[in-house]
Amino acid sequence: MEVPKINDGTSKAGDWRNYKRVLLPPVRDLHKLEVYEQNGGYSALRAVLNENKFDPKGLGEHVKQSGLRGRGGAAFNTGLKWSFMPPVDPDVPRFLCCNGDESEPGTFKDRQLFEYNPHLVIEGMVLANYAISAKACYIYIRGEYASWIDHFQKAVDEAYAKGYIGENILGSGFSTDIVVHKGAGAYICGEETSLMESLEGKRGYPRVKPPFPAQKGIWARPTTINNVETLACVPLIVNKGADWFAATGAEKHPGPVLYGISGHVNKPGVYEFPTGMLITDLIDEVCGGMRGGKKLKALVPGGSSTPVLTAEQCIGTTMDADSLREAGSMLGTAGMLVMDEDTNMVSFLRRITHFYHHESCGQCTPCREGTGWLEKLVTRIDEGEGNFRDLDLLLDLCDQIEGRTICALADAAAWPVRWTIRRFRPEFEAKCKPSTFAGADLGDGASTEPAPVS
Amino acid sequence: MASSSPEPLYVPGEEPARHFGPDDLVWTAEEQQTIDGWVAQYPTADGAVMKVLWLAQEKFAWLPAEVIEFVADTLDLPRAKVFGVATFYTQYYKQEMGKWVLDVCTCFSCQLCGGYDILHYLEDQLGIKKGETTQDGMFSIQEVECLGACGSAPMLQVTNGPYVHNLTPAKCDTLLANLREGKLPGFESVTLPQDEAELDGNRRSDAEVIEQYVTPPVSATIE
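Residues numbered from 1 in each chain as written. Chains lettered and ligands numbered in written order. Predicted model: local features only at pLDDT ≥ 70, side-chain atom pairs only at ≥ 80, totals over all residues. Heavy atoms only, no water.

### Points about the overall build of chain B
Which entries qualify depends on this criterion: Comment: elements are numbered from the N terminus, with helices defined as DSSP H or I runs of at least four residues and strands as E runs of at least two. Burial classes: relative accessible area under 20% of the type maximum marks a residue as buried, over 50% as exposed, and values in between as partly exposed (1.4 Å probe, protein chains only). Reported accessibility uses the Shrake-Rupley method at a 1.4 Å probe radius. Residues are deemed covered only where the shown protein chains occlude them. Counted as positive: Lys and Arg. Counted as negative: Asp and Glu, with His and the chain ends omitted from the count. To locate a charge, take NZ of a lysine, CZ of an arginine, CG of an aspartate or CD of a glutamate.
Counting secondary structure elements, chain B contains eight helices and six strands. Taken over the C-alpha atoms alone, chain B extends approximately 55 × 40 × 30 Å along its principal axes. In chain B, which comprises 223 residues, the share counted as buried stands at 56%. Element-wise, carbon and sulfur atoms account for 52% of the exposed surface of chain B, whose accessible area totals about 9,500 Å². On chain B, the mean spot of the 14 positive side-chain charges and the mean spot of the 34 negative ones are 1 Å from each other.

Quick look at the structure:
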């Protein structure tokens, strides 16, 4: 019997052309508290805290039923993640972390939430704090977003003044705090345990898991960590119901999602649509087609670490975890990079390997050394000094790096190399010098140190 | 940058050069109050170290060894620990920078949309290479990793502050002229494409500058 294919070319986003935006609804000045309140803001919080719509456990259960999956890259069920928190012990404080580090190249969606709808994020944080009985939520925003940190801090201050955060929220007896933490420029701090180290005022070295954050997170206390966009979905689930959320977009990966589309399209930017949009719809209709009427060559569906797709692989593929897995990639952060037919894939990969080499924290040897070698080898090929056997050496190097480190940065560095070479090998070969037989020292420099990277 | 590591802050056996004296290394009452507020936000004082380093960098423009020691002493933390934090994060300046630091993004979205064109254009205009500072101490150029504004590429950030989106050579000229006069660019709010149809443009009435998404330029150089 033939297994039915997930990617049969139909959109899972339903009637997306008439989709009404909910994460970034079309309301002018929604970032102001009074405008947010006029448009139903903080009603989910009131319903939960004042009208007893849910107890903490019930709220977690409701979010689990909605099928909300993390928007930070791993697409893990959010309600299930919350349920990993140990039973409440009044003597042990518990924390929520909100990951606003957003440093994955190609990703720029959370910034729009900070700019245009910060109170939705704040409401989601307070609700999540309630669901997991957390004492405080620390939101970690990357240091480069200095302007948006100011915007968000202002929104937090307003919410404190109005009693939506702090002691005895809305007279319900529930108290919780929100602290905005400013990063200082380190990609690795988007990794959950590294973020926690950074919050504690240390160098951002990822921790060995287990213990997982739910057992020992920040300051060795039970901690849950969620992405900004994930938490922004929580008030919507409370207001509109888990059934509404589950019915939006792709069945196994539902909900609204912010697609950050960049690269060679006519109208790049952040778009809100349900999950399960056809990639071709996004490019051709939503973004107004390819720049200059060129043909699509390759596409990175969800940030730099997700494997690159060829134009053929994009056809019929939708933007949800299952469909992209079948196509040979991942949804990641839904930060799409579109590349047209003139793109030089070797130079593209060279820049990615440079990024991972620069951002490796240096804690694990395979990553610290391996990312450097990836960059050196790809640079050598890009400069026309590479050999055919370098391609297999690169793939072998990926095997030596993947899964051998504490965190996933090494995997994220190896995947683009592996899949770009596999899917665009002729282009790499065209830049390589031929070698007559593999493994011999032909005096071609392969056995000596390559020239330093400029 | 892997290829241009900064000069070491300490040379073993040598007393590091001092740039600020004991009279400079004091917080005002207001700053001290802010710091105390930050310390109260975390279970231990360690949590506030990044914020205090930011404050120190605003006050002293960069973080030489004595400023790092000063931050450590303020929070009563081991100096080595604060030194470790300050050297881990790229946005803390461990060497003296120009008055305006131009952080040009060249990560892949910007690369494919002409980030290197902008970087080379600025290098030519200022007569310096990335990682260098002009003789008059006005400008430094750095090539940086993704700044999270891929939809409005190519772009840059000025001294860890405002973003400048959708760069063109003309826009770079204006930026440099304004910075020479001491005018920092205002907050550029980038319109969401969907808002153009539904909200008739940008939704923030308090934005200082409105930028719309534009079709990215064809890049001449990508390395």
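Picking up after the structure, the text goes on.
### What about the sheet that holds strand S9 (residues 296-300) of chain A?
Sheet strands line up and pair through hydrogen bonds in the backbone, either parallel or antiparallel. Residues and elements named next belong to chain A. Quick note on the threshold: Two strands qualify as a pair provided DSSP detects at least 2 bridges between them. We call two residues in contact when some of their heavy atoms are within 4.5 Å. Here an angle of 0 to 180 degrees is reported between the N-to-C directions of two axes, which are lines fitted to C-alpha atoms, with helices fitted over the stretch in contact.
Taken in spatial order, the five strands line up as S8-S7-S11-S9-S10 in an open sheet, and their pairing is mixed. The open sheet has two free edges, formed respectively by strand S8 (269-274) and strand S10 (309-310), since each of these has just one partner strand. Note: S9 against strand S11 (residues 335-340), four bridges, orientation antiparallel. Across the sheet, the residue bridging to Val300 is Leu337, located in S11. Those strands touched by helix H11 (residues 279-286) are strand S7 (256-263), S8, S9, S10 and S11, and its axis lies near 70° from that of S11.

### A closer look at the packing of helix H15 (residues 365-382) of chain A against helix H16 (residues 388-401) of chain A
Residue and element names in this part refer to chain A. Selection criterion: Note that the term roughly parallel is reserved for angles under 35 degrees, roughly antiparallel for angles over 145, roughly perpendicular for angles of 65 to 115, and oblique for everything else. Take the far helix as your reference; a near helix turned counterclockwise from it by less than a right angle gives a left-handed crossing, and one turned clockwise gives a right-handed crossing. Charged means Asp, Glu, Lys or Arg here, nonpolar means Ala, Val, Leu, Ile, Met, Phe, Trp, Tyr, Cys or Pro, and polar covers whatever is left, Gly included.
Remark: H15 packs on H16, axes separated minimally by 10 Å, with the N-to-C direction vectors making an angle of 165°. Comparing their axes, H16 and H15 come out roughly antiparallel. When you trace H15 past H16, the crossing you get is left-handed. On the side of H15, the interface is formed by Pro366, Gly370, Thr371, Trp373, Leu374, Leu377, Val378, Arg380 and Ile381, while H16 contributes Asp390, Leu391, Leu393, Leu394, Leu397, Cys398, Gln400 and Ile401. Residues belonging to the contact of H15 with H16 are distributed by class as follows: twelve nonpolar, three polar and two charged.

### Points about the domain arrangement of chain A
All names here are of chain A. Note the following rule: Segment limits for the domains were obtained from an automatic or database-derived domain assignment. Throughout this description, the term salt bridge denotes a Lys or Arg side-chain nitrogen within 4 Å of a carboxyl oxygen of Asp or Glu.
Considered domain by domain, chain A is made up of domain 1 (24-247), domain 2 (253-340) and domain 3 (345-431). Summarising the inter-unit geometry, the C-alpha centres of domain 1 and domain 3 are found 35 Å apart. Each side of the interface is counted separately: domain 1 has twelve residues, and domain 3 has eight residues. Linking domain 1 with domain 3 are zero salt bridges.

### Examining unusual backbone geometry
For the peptide bond that leads from Pro210 of chain A to Pro211 of chain A, omega is 0°, which places it in the cis range. Summarising the element assignment, Pro211 of chain A is placed in the loop between helix H8 (192-199) and strand S4 (223-227). Omega for the bond connecting Ala153 of chain B with Pro154 of chain B falls within 30 degrees of zero, at -5°, which places this linkage in the cis form. Inspection of the secondary structure puts Pro154 of chain B in the loop between strand S2 (139-144) and strand S3 (156-158). One non-glycine residue, Ser133 of chain A, lies in the positive phi region at around 55°. Relative to the elements of secondary structure, Ser133 of chain A occurs in the loop between helix H6 (118-131) and strand S2 (136-141). Judged by its relative accessible area of 29%, Ser133 of chain A is partly exposed. Of note, Asn168 of chain A is a non-glycine position whose phi angle comes to about 50°, a positive value.

### Side note on the interface of chain A and chain B
For clarity, the threshold we go by: Once two parts are put together, the accessible area they lose, assessed with a 1.4 Å probe and summed over both, is termed the buried area.
Between chain A and chain B, the contact holds 84 residues from the first and 68 residues from the second. For the pair chain A and chain B, the summed buried surface comes to about 6,200 Å²; carbon and sulfur atoms form 55% of the total. Where chain A touches chain B, the interface holds four salt bridges. Glu198 of chain B is paired through a salt bridge with Arg21 of chain A; the nearest N and O atoms lie 3.7 Å apart. Counting residues per element, the side of chain A that touches chain B draws most heavily on helix H14 (residues 345-359) of chain A, which supplies ten residues. Tallied by class, residues from the side of chain A that touches chain B come to 36 nonpolar, 28 polar and 20 charged.

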